[in-house]
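Per-entry structural report
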Amino acid sequence: MTTRNQRPDRAELPPLPATAPPVPAPDPETDARIRAADRAHVFHSWSAQGHIAPLPIAGAAGSWFWDYSGDRYLDFSSQLVNVNIGHQHPKLVAGIAEQAARLATVSPAFANDARAEAARLIAEVAPGDLNRVFFTNGGAEANEHAVRMARAHTGRHKVMAAYRSYHGATAGAIALTGEPRRWGSEPVAPGVVRYWGPYPYRSAFHAGTEEEESARALEHLRRTMVMEGPHTIAALVLETVVGTNGILVPPPGYLEGVRALCDEFGVLLIADEVMAGFGRCGEWFAVDHWGVVPDLITFAKGINSGYVPLGGVVISDAVADTFRDRPYPGGLTYSGHPLACASAVVSMGVFREENILEHVRTLGEKVIGPELRALAERHPSVGDVRGLGVFWAVELVRDRETREPLVPFNASGADAAPMAEFTAACKAGGLWPFAHFNRTHVVPPCTITEEEVRYGIALLDRALDVADRHTTAAGPGRPGPAAPGR
């Protein structure tokens, strides 16, 4: 594996963690065959098809994966922030195989033990009276159905959704989405009202503290709801902790204030926990950090680490009672698929047996947070560090004083070159990052070891030298002013 030359003032990298799996010998023939078939026949998401060359992956284990060239990567992306219990967990693989041998599929009109047990376990850890689960195939469908339930329950049609959000790419979910991936699908379904959520580092409300940010964001939200007519608003949907668009942890009092506004106006609160839930933030559901009980919670990704597609809506008793005597107008052929639900049951067992929630909290508080804040002290390209659990963002800037982003919003081509160089440096060192706009996210599996985290952050430290070259600070490696960090 290639790595960038070490600077004279840079300490040696820590040794490769003992958990790093051995990789097979290079297999160029298989690599070439997969690349050719992929290029000829696979149509990829969010991509100009002629401008991509997807890397064929040969295998994975724990927090690592490797390719057919013999290069091994520490997965600081958890693929798409979903492999929460790591790659190829033996209990989860065995559980899927056992279910497949016993009952591979069944219509959702029947009851089956895997689906019933998965729903029971989810309801058991959900807050408040969220006691029913409607299963979907992923997060986008979950958000679609949560909105449908809210509209049917309230008899209202509008849904409030934030800028800097992503809720999925199906027709209704992309309408909720508040970032550039929506633009190519417009015009979208009507009825979505956009609002600004809190973002202390780049406040839309000119706030100077997190407390001001919270109060001003809530006042903005109240005014928007009043101007739209609360009697027309069925639901407000938000990512409890904004994911792809910045790992934006809500400031103190914000979620509680949103809950109070929704109660005041009879609006349902939908918490999109597709990315933030199931251990990512150190709790079963991220809302538990703030003691807030939504009316509906959507989930997917981390519940079974994506081993089999699965998502769902956790439903309050009041919303579920709406459909006691009237049919719910929706369904899916694969709702509550036995293989997916069996994997969820095993996965939730693994969370408990391996004490993963406590492990995540410890990593966030004692390892990831302090290590990333130390990086901010060394690198003038680091403008802000924020997160919790194993859900962190490092925001990269050209200038700390002006907070000019390292690359422009939604940059492409030459404008995006600094971030492209940074991500290439990560990969060359054996670290697979999750980068979006001017940020790199530190979102490894929840089961990653402390040793692996420290090794990955050491690799990130080196790659940030590349970003530093694009700052207004004088020369790579020379410390700029101290960066804020939370």
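Residues numbered from 1 in each chain as written. Predicted model: local features only at pLDDT ≥ 70, side-chain atom pairs only at ≥ 80, totals over all residues. Heavy atoms only, no water.

Notes on the overall build of the chain
- In terms of regular secondary structure, the chain is built from 13 helices and 16 strands.
- For a compact globule of 486 residues, the expected C-alpha radius of gyration is about 23 Å, and the chain comes in at 23 Å, within 12% of that figure.
- When its C-alpha atoms are laid out on the principal axes, the chain stretches across 70 × 60 × 45 Å.
- Counting contacts in the chain only where the partners sit at least 6 residues apart, residues at least 24 apart contribute 74% of the total. (Helix = DSSP H or I, 4+ residues; strand = E, 2+ residues; numbered from the N terminus. Rg over C-alpha atoms; globule rule 2.2 N^0.38 Å. Contact = heavy atoms within 4.5 Å.)

What about the sheet that holds strand β2 (residues 64-67)?
- Read from one edge of the open sheet, four strands run β1-β2-β3-β14, paired in mixed fashion. Unpaired on one side and paired on the other, β1 (57-61) and β14 (431-432) mark the two borders of the sheet.
- Direction of pairing for strand β3 (residues 72-75) relative to β14: parallel, over a ladder of two bridges. Each residue of the ladder has a partner; that of D75, found in β14, is W432. (Pairing = 2+ DSSP bridges.)

Here we look at the side chain of S347
- Among the secondary structure elements, S347 is positioned in helix α10 (residues 338-353).
- Residue class for S347 comes out buried when judged on its relative accessible area of 0%.
- Excluding its chain neighbours within four sequence positions, the residues that come into contact with S347 are I85, L92, G302, I303 and N304. (Buried < 20%, exposed > 50% of the residue type's maximum accessible area, 1.4 Å probe, protein only.)

So, the packing of aromatic side chains
- Across all of its chains, the model carries 14 aromatic pairs by this definition.
- On the numbers, 5.2 Å between centres and 80 degrees between planes, the contact of Y73 with W432 is edge-to-face. Here the residue Y73 occupies a position in strand β3, and W432 occupies one in strand β14, the gap between them amounting to 359 residues.
- A relative accessible area of 7% places Y73 in the buried class.
- Using a relative accessible area of 21% as the deciding quantity, one classes W432 as partly exposed.
- Relative to W284, the ring of F278 has its centre 6.3 Å away and its plane inclined at 80 degrees; by these criteria the two rings are edge-to-face.
- According to the relative accessible area criterion, F278 is buried, its value standing at 0%. (Phe/Tyr/Trp six-rings, centres within 6.5 Å; stacked < 30°, edge-to-face > 60°.)

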